[in-house]
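Okay, here's what each chain looks like letter by letter:
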Amino acid sequence: MTYAITQTCCSDATCVAVCPVNCIHPTPQERAFGSTEMLYVDPKTCIDCGACADACPVDAIFPVDSLPASQAGYAAVNEAYFAGQEPAPDSTGPNFHHWNAPSFERSLPSDFAPIRVAIVGTGPAGMYAAEDLLLHTNAEVTLVDRLPVAGGLVRYGVAPDHPATKKVGDTFARFHDHPRVRMQLGVEIGRDITAAELAAHHDAVIYAVGASTDRRIGVPGEELPGSISATAFVAWYNSHPEVAPDAVALSSERVVVAGNGNVALDVARVLVADPAALAGTDIADHALAALRASKVREVVLLGRRGPEHAAYSASELLALKHLPGVELVVDDHDPRTAATIDAAAAGEKAELLRGVPRETVDWSRAPGPGRRIVLRFHSAPVQVLGDEAVRAVRVTGGPGELDIPVGTLLRAVGYRGVPVAGLPFDEATGTVPHEGGRVTGMPGAYVVGWIKRGPSGGIGANRACAAETVGTLLDDAVAGTLPAPVPAPKAFLRLARSRSRHVVDAKGLAAIDRAELARGRDGGRPRVKFGTVPELIAAARSSRWKLSN
């Protein structure tokens, strides 16, 4: 028996570190690390010890013989990665794999004095940076977030039917009440505190603010009511307090999604999933009610290139193929699509579509009975049609252009970073200019995550990104180039509370967590999130929620 890594892999390489036989690849030392969609277990060298499964923070690793039918394909996915590869023998010992020389990247002088580091943003990028600092240095860390609750994209960006992926939040939560951590949630840099004031109270500041807005398609009619960014839609079904419960209307039978990345597949899956299945997740109450009353029966995913270049991961497509009660169809309007699928080799992304029904869709007709997702490749929107609201999307494909009647367009063509007050910003890339994470021209300021490298890579990619930034910061600290803070350590706490009436600390965050878990138990769900800032603040200050509720 061997183990296999499945859909929820976060690629943070925790499993690699505990594997005694080096059977999980690519490792952080290999060139392919960070460019593959997930990590893979070599079935030829796995010794069935289970160490990787125990260490995985997102429950993505299982014995092959216990994989459910919906995930059985991952055994082949793991095996295919190693096809044609032979491990390099280690002539100096009994190992079947070559091991790299040990590396000690966090070697600091014995007299290294504690430094104060503020981290702005409590999503994966910020928390991987905090973890690195807390585990490998004596730094004191201040966690700052503009929302009164921690989590970032783990809380507000992961689809509710991916609960295993959300478990990485438990790994980060263990640092929330660390003795060298101070939490200042509900404090916005640029509104409550300036970047200069934050820097004055700390030796260094790491900005992990992500990419909080969406990219535009750039076609006429894009701003019509009914044209919604996938960013807003995901926030809507995840109870983000800045998206109103009535921001989304599901009153049309057909929805077009522009884009075919993982976010596009997420929103398509949620739109046609059985609401009864979603009722057992932490989806927002208002979103669940809207989906129960939804008229949506068909979701069309537009990809401007062919299936061989689709932006979604193989694991997300496999999940879509096994969605109960939902038919997956490939629009056969372009002969290149079928030719690519039929010619695809085993292990290629397009090959996963072999066996999926193909249909030349008559878009002039209303969707038929049942629920389905249509993959339309070699097609892109050129105009959104409508007077007061979206009524159709004009797309390319076939002999010319055609209009797909639709009441909702979801734009899922990527995220984009926004400027941070007091920091330089590159409008072309939507990132903060930096060298190895060090903000250009600003000693003591650093960036990590999507605001550093652009909106690419999943949760685990932030671990290596954070390691680089923290390494740069520590090099500067050892070199003595960090500006020393002037105020006393507790002065920032007083400043934050004088500027914001709703600061939430670690105890308040724990109270929110207990309250949401209690609300979930009352409804037979893992958690019911508070959807407004006043609700979050009230829960943080309340003492009535107990674990026994």
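Just so it is clear, the model here is predicted, and its values are computed rather than measured.

K.L.:
Describe the state of the cysteines, naming the residues involved and giving the relevant values.
P.N.:
Taken as a whole and judged by the stated rule, the model has 0 disulfides. Cys 9 provides the cysteine sulfur closest to Cys 15, a residue in no disulfide bond, and the two sulfurs are 6.4 Å apart. Judged by its relative accessible area of 8%, Cys 15 falls in the buried class. Between Cys 49, a cysteine without a disulfide, and Cys 19, which holds the nearest cysteine sulfur, the sulfur-to-sulfur distance is 6.1 Å.

K.L.:
Which residues make up the environment of Gly 407, and what are the values?
P.N.:
Within the secondary structure, Gly 407 sits in the loop between strand S18 (400-405) and strand S19 (408-411). A relative accessible area of 25% places Gly 407 in the partly exposed class. Among residues more than four places away in sequence, those in contact with Gly 407 are Gly 226, Ser 252, Arg 254 and Val 390.

K.L.:
Tell me about the side chain of Thr 6, and please be specific about residues and values.
P.N.:
With respect to the secondary-structure elements, Thr 6 resides in the loop between strand S1 (3-5) and helix H1 (14-18). Contact partners of Thr 6, with chain neighbours within four places excluded, come to Met 38, Ala 60, Phe 62, Leu 67, Gln 71 and Tyr 74.

K.L.:
Just give me the short version of the sheet that holds S18, but keep the residues and values in it.
P.N.:
With antiparallel pairing, 3 strands are arranged side by side in an open sheet as S16-S17-S18. With partners counted over all chains shown, the strands left at the sheet margins are strand S16 (381-385) and S18, one partner each. Each neighbouring strand pair of the sheet contributes to a mean axis angle of 25 degrees, computed without reference to strand direction. Across 6 bridges, strand S17 (residues 392-397) lies against S18 in antiparallel orientation. Following the sheet pairing, Arg 394 is matched in S18 by Asp 403.

Thresholds applied
Residues numbered from 1 in each chain as written. Predicted model: local features only at pLDDT ≥ 70, side-chain atom pairs only at ≥ 80, totals over all residues. Heavy atoms only, no water. Disulfide = S-S within 2.5 Å. Buried < 20%, exposed > 50% of the residue type's maximum accessible area, 1.4 Å probe, protein only. Helix = DSSP H or I, 4+ residues; strand = E, 2+ residues; numbered from the N terminus. Contact = heavy atoms within 4.5 Å. Pairing = 2+ DSSP bridges. Axes fitted to C-alpha atoms, helices over the stretch in contact; angles between N-to-C directions.

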